[in-house]
Amino acid sequence: MFHKTLISWAGVVIGASLALSAPLTANAQEFINVLTGGTSGVYYPLGVALSEIYAEGIEGSRTQVQSTKASVENLNLLQAGRGEIAFALGDSVKLAWDGDAEAGFTEPLSELRAIAAIYPNYIQIVASAESGIKTLADLAGKRVSVGAPKSGTELNARAILAAAGMSYEDFAQTEYLPYAESAELIKNRQLDATLQSSGLGVAFIKDLAASLDINIVEIPTSVVETVGAPYVPSYIPAGTYSGQDDDVTTAAIGNMLVTHAGVSDETAYQMTKLLFENLDAMKAAHNAAAGITPEGALVGLTIPLHPGAERYYKEAGLM
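Here goes a summary of the coordinates provided. (Residues numbered from 1 in each chain as written. Predicted model: local features only at pLDDT ≥ 70, side-chain atom pairs only at ≥ 80, totals over all residues. Heavy atoms only, no water.)

## So, the pattern of salt bridges
What the rule picks out here adds up to ten salt bridges. A salt bridge links Asp-98 to Lys-94; the nearest nitrogen and oxygen atoms lie 3.0 Å apart. Highlighted residues: Asp-98 and Lys-94, both in helix 4 (residues 90-98), separated by four residues, approximately one helical turn. You can call Asp-98 partly exposed: its relative accessible area is 43%. Members of the salt-bridge network, linked through shared partners, are Glu-102, Glu-154 and Arg-158. (Salt bridge = Lys/Arg side-chain N within 4 Å of Asp/Glu carboxyl O. Helix = DSSP H or I, 4+ residues; strand = E, 2+ residues; numbered from the N terminus. Buried < 20%, exposed > 50% of the residue type's maximum accessible area, 1.4 Å probe, protein only.)

Here it is as structure tokens:
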């Protein structure tokens with residue numbers, strides 16, 4: 001679990017506190033705003049760690065962590081030049097590049113550039129045990145949260161439900177809430193379940209499992225295959241959460257670190273290089289970072305690489 005004092009630092013300038021790589025040369029007063037997600041998710045602690053890495057490793061830089069509604073908001077902020085690097089789901093990135101208005105992108109976000117494919121997200125459906133929800137079909141007639149409106153999670157929810165022959169109309173009540181708010185309503189018996197997209201071991205499910213008995217709901221492989229790429233069949237290993245005694249079949253989808261074309265080649269190069277030189281610090285922030293590898297960094301990218309990132313991969317022999 002990432003230290004709670006770090007979790008309180010959203011929206012403030014982060015000072016360097018880790019002994020990391022020697023500083024690299026950068027423009028004076030380089031500002032790097034790291035766009036993340038809700039503070040109880042995985043993007044946020046990883047973003048805090050990344051900001052510390054950059055503050056220590058990029059000479060003259062000032063870094064900030066911004067808590068957001070995650071993928072869709074992050075990508076729109078990048079397009080507007082209001083962030084330098086962001087976490088986002090791979091399917092959201094593709095929809096942003098295409099300009100899918102229904103997904104929350106009023107025009108193609110042509111300024112987006114890739115830094116790296118990182119760890120996979122897992123579609124995690126958690127229900128209170130007392131709700132009796134054990135399968136996707138059991139969600140019918142129940143009170144369900146599907147993530148913030150038009151967030152990456154909510155886009156995932158639509159896709160999974162459609163592949164299972166379901167929709168929000170099947171629920172007795174649909175709420176559009178992120179991690180922490182969904183968990184609180186389940187604790188208070190005001191919701192029965194939530195579908196969220198996150199790395200394994202996400203804090204909000206751990207906290208929820210500590211408060212009441214839960215069920216992690218299976219997403220059958222057949223449903224995942226119906227959705228198709230970039231979703232792939234996967235599983236949540238037994239013991240990931242308290243009371244979860246068996247592996248649970250689900251869908252996985254890759255996350256990306258994304259920047260924009262206005263970020264200088266040198267800064268993008270340094271951001272990419274420092275990420276991979278400090279993976280231990282990222283793993284210490286959250287175990288989801290164990291899925292970040294140089295070898296996987298170019299897999300499944302749906303937008304062009306930033307030239308600065310491309311320079312790093314060529315130097316590393318990966319291109």
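## Topic: the packing of helix 3 (residues 71-79) against helix 4
Helix 4 packs onto helix 3 with a crossing angle of 45 degrees between their chain directions and a minimal axis gap of 10 Å. Of the possible angle classes, the one that applies to helix 3 and helix 4 is oblique. Helix 3 and helix 4 meet at a crossing whose hand is right-handed. Each of Ser-71, Val-72 and Leu-75 in helix 3 lies in contact with helix 4, whose residues at this interface are Ser-92, Val-93 and Ala-96. Of the residues assigned to the contact of helix 3 with helix 4, the class counts are four nonpolar, two polar and no charged. (Axes fitted to C-alpha atoms, helices over the stretch in contact; angles between N-to-C directions. Parallel < 35°, antiparallel > 145°, perpendicular 65-115°, else oblique. Left-handed = near helix turned anticlockwise from the far one by under 90°. Contact = heavy atoms within 4.5 Å. Nonpolar A, V, L, I, M, F, W, Y, C, P; charged D, E, K, R; others polar.)

## Quick word on the environment of Gln-124
If you trace the backbone, Gln-124 turns up in strand 5 (residues 112-128). According to the relative accessible area criterion, Gln-124 is buried, its value standing at 1%. Separated by 75 residues in the primary sequence, Gln-124 and Gly-199 have C-alpha atoms spaced 9.0 Å apart. In this structure, Gln-124 is in contact with Thr-194, Leu-195, Gln-196, Ser-198, Gly-199, Leu-200, Val-202, Ile-205, Ile-236 and Tyr-241, ignoring residues within four places of it in sequence. Among the polar contacts made by the side chain of Gln-124, one reaches the main-chain carbonyl oxygen of Gly-199 at a distance of 3.1 Å. (Polar contact = N/O pair within 3.5 Å; in protein donor to acceptor, adjacent residues only side chain to side chain.)

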